[in-house]
Amino acid sequence: MAAEESVDSIGVPNASDLLWWREGLNLDKATLTLIAFSKGSVVLNQFIYEFHYLKTLTPDDSSMMRLVSRIRDMYWLDGGHSAPKNTWITSRSLLETLTRLNINLHVHVTPYQVLDDRRPWIRRDEKAFTDLLKRLGAPLTRILHFDSGVTNLFTHFEVLEVFRQARVEPPAQPEAVPSEATQSTSSAPATSTSVLQETGNAKNAESEEN
């Protein structure tokens, strides 16, 4: 019965069911991670423009500043599109603003985008983007996946699976090594026993002499 009430007469879910994720959402307290794949990188590019606009032209916008301060990580997953420019931001002033925000930046690329000779501007702009951010001291990591040089569409989408596994699978826990405190504690009973034995032997010797 509950399942029937959650859809309308033509079988379309109700809006309240589609927006379940909004319950209890508070962006002022949430930690935000921005992730873009392929052409979605243009959205992250727009964020970079907005960061610069906010910092230079509207620094008194406290509500937006609070929101931006919640962003901890930005991920570019094999970003690229067919346009011959603006695939990656290369403006120094924009990247300086991005660096000052101290957001962790993660660039994941494959040969499909950065080794395609038919679109050399993607490789050029991505290199300019990452090199400049490194020189500016931004917290940046860059990973080239499937570096065999094969530029096929399969590896382009496979980076999503690699990224998902890296995010889901917990790192292996190292084996615990007993600390000095633990070792000394475990050896304490043996020491106490030997002291008691020596004390008992001394008393027996005294009684025999008497």
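Residue numbers here run from 1 along each chain, matching the order of that chain's written sequence. The model is predicted, so local features are restricted to residues of pLDDT at least 70 and side-chain atom pairs to those at 80 or more, both for listing and for counting; the totals for chains, interfaces and linings are taken over all residues. For the side-chain quantities, the full set of heavy atoms in the structure was used; hydrogens and water were omitted.

Q: Before we move on, can you summarise the pairing of strand E1 (residues 32–37) with the specific residues and values?
A: Here the term buried applies to any residue with accessible area under 20% of the maximum for its type, exposed to any over 50%, and partly exposed to those in between, with areas from a 1.4 Å probe on protein chains only. Runs of H or I in DSSP of at least four residues are treated as helices and runs of E of at least two as strands, each being numbered from the N terminus. Residues Leu 32, Leu 34 and Ala 36 point to one face of E1 and are all buried, whereas Thr 33, Ile 35 and Phe 37, pointing to the other face, are not buried. Where E1 lies against strand E2 (residues 71–77), six bridges are found, and the strand directions are parallel. The residue of E2 that forms the bridge with Ala 36 is Trp 76. DSSP-based pairing: two strands are paired if at least 2 bridges between them are found.

Q: How would you explain the pattern of salt bridges if you had to name every residue and give the values?
A: A side-chain nitrogen of Lys or Arg and a carboxyl oxygen of Asp or Glu constitute a salt bridge if their distance falls within 4 Å. Summed over the entire model, instances satisfying the criterion amount to eight salt bridges. Notably, a salt bridge pairs Glu 126 with Arg 142, separated by 2.7 Å at the nearest N-O pair. Taken together, the residues Glu 126 in helix H7 (residues 120–136) and Arg 142 in strand E4 (residues 140–144) connect sequence positions 16 residues apart. Here Glu 126 falls in the buried class, since its relative accessible area comes to 2%. Take Arg 142: its relative accessible area is 34%, and that puts it in the partly exposed class. Linking Arg 164 and Glu 161 is a salt bridge whose minimum nitrogen-to-oxygen distance equals 2.7 Å. One end of the pair is Arg 164 and the other is Glu 161, both in helix H8 (residues 153–168) and three residues apart, which spans about a single turn. On the accessibility criterion, Arg 164 (43% relative accessible area) is partly exposed. Glu 161 sits in the partly exposed class, given a relative accessible area of 28%. Overlapping salt bridges, with partners in common, bring together Asp 116, Arg 118 and Arg 119 in one network.

Q: Before we move on, could you go through the packing of helix H5 (residues 92–100) against H7 and cite the residues and values that matter?
A: A fitted line through C-alpha atoms serves as each axis, taken over the contacting stretch for helices, and the angle formed by two N-to-C directions is quoted from 0 to 180°. Running from N to C, H5 and H7 cross one another at 55 degrees; their axes reach a closest spacing of 10 Å. The pairing of H5 with H7 is recorded here as oblique in orientation. Considering the relative orientation of H5 and H7, their crossing is right-handed. Contact residues: H5 offers Arg 92, Leu 95, Glu 96, Leu 98 and Thr 99, while H7 offers Phe 129, Leu 132, Leu 133 and Leu 136. Per-class residue counts for the contact of H5 with H7 are six nonpolar, one polar and two charged. Throughout, the term roughly parallel applies to angles under 35 degrees, roughly antiparallel to angles over 145, roughly perpendicular to angles from 65 to 115, and oblique to all others. Should the near helix be turned counterclockwise from the far one by less than a right angle, the crossing is left-handed, whereas a clockwise turn marks it as right-handed. The contact rule is simple, with two residues in contact once any of their heavy atoms fall within 4.5 Å. Only Asp, Glu, Lys and Arg are considered charged in this grouping, and only Ala, Val, Leu, Ile, Met, Phe, Trp, Tyr, Cys and Pro are considered nonpolar; every other residue, Gly among them, is considered polar.

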